[in-house]
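Coordinates in review
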Amino acid sequence: MKPFLLLASRAEDTAAEDEYRAYLRYCGLQPEQLQRIRMEAAPLPALELSDYSGVIVGGSPFTSSDPAEHKSATQHRVERELAGLLDRIVAEDFPFLGACYGVGTLGLHQGAVIDRTYGEGLGGVTIKLTAEGLQDPLLRGLPESFTAFTGHKEACTVLPSHAVLLASSAACPVHMFRIKSNLYATQFHPELDAEGLITRIDIYRHAGYFPPESAEMLMDDARQFTATEPMKILLNFVERYAS
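For clarity, every value in this text was computed on a predicted model and none was experimentally measured. (Residues numbered from 1 in each chain as written. Predicted model: local features only at pLDDT ≥ 70, side-chain atom pairs only at ≥ 80, totals over all residues. Heavy atoms only, no water.)

An order of E2-E1-E3-E4-E11-E10-E9-E6-E7 is seen for the 9 strands of this open sheet, with the pairing classed as mixed. Strands with a single pairing partner mark the edges of an open sheet, and in this sheet they are strand E2 (34-38) and strand E7 (145-152). The mean inter-strand angle of the sheet, taken between neighbouring strand axes irrespective of direction, is 25°. Sheet topology places strand E6 (residues 120-129) next to strand E9 (residues 164-168); 2 bridges connect them, and they run antiparallel. In the sheet register, Lys 128 faces E9, and the bridge partner there is Ser 168. (Pairing = 2+ DSSP bridges. Helix = DSSP H or I, 4+ residues; strand = E, 2+ residues; numbered from the N terminus. Axes fitted to C-alpha atoms, helices over the stretch in contact; angles between N-to-C directions.)

What follows is the structure in structure tokens.
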């Protein structure tokens, strides 16, 4: 089997390793089957899509809709490199799954409006599938409504006309969409369980995502939710596209 490629951009080693372990676990892959590139650490090397079964983009501290002058040189580089890679991925309809940061990257690339209108705090939310979502092969085996963990400053306000809306929440109308047949983005985190969210809250308590003094409360809130259904998306992605 060709490996899958995980494009990551978390600068904190603990968060990066926890994310990688979560994708290994919930994709059902061994380390040699999931190659990781940390985009924040160095320029993206030359990649041949034909070497991989599919591409996954993990979550990111980067906010795509921020004004250009507020972005770091690293963020500008990562965005340029991802846009160039997406040119090829979209042209080939190559298997792609972007989690959280995937909405900002694939969405912007395809002409979506991405802004801070529908941001959601850290915690569990109820995701509801659309009629199209219930029929989509990547959502096979998921119920019409399920719990997922989320936490994002930006979201998609307007989808391009050629995108297919697959899932929403009460506070965020675009939680998952598809472009063409094989290009997917979720706003929620399909790799994140309660312990994973608690780990990230602890790591990012001084990163400006939330008041540091609220970290313990957010951790307690996370323990009240159980997210098991979103992980099926990762298994479905691997089972559908492994080659």
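There is more to say, and it comes next.
Relative to each other, helix H5 (residues 194-203) and helix H6 (residues 215-222) sit at 175°, their axes nearing to 9 Å. Between H5 and H6, the crossing angle belongs to the class labelled roughly antiparallel. On the side of H5, the interface is formed by Ala 194, Leu 197, Ile 198, Ile 201 and Asp 202, while H6 contributes Ala 215, Leu 218, Met 219 and Ala 222. Grouping the constituent residues of the contact of H5 with H6 by class yields 8 nonpolar, no polar and 1 charged. (Parallel < 35°, antiparallel > 145°, perpendicular 65-115°, else oblique. Contact = heavy atoms within 4.5 Å. Nonpolar A, V, L, I, M, F, W, Y, C, P; charged D, E, K, R; others polar.)

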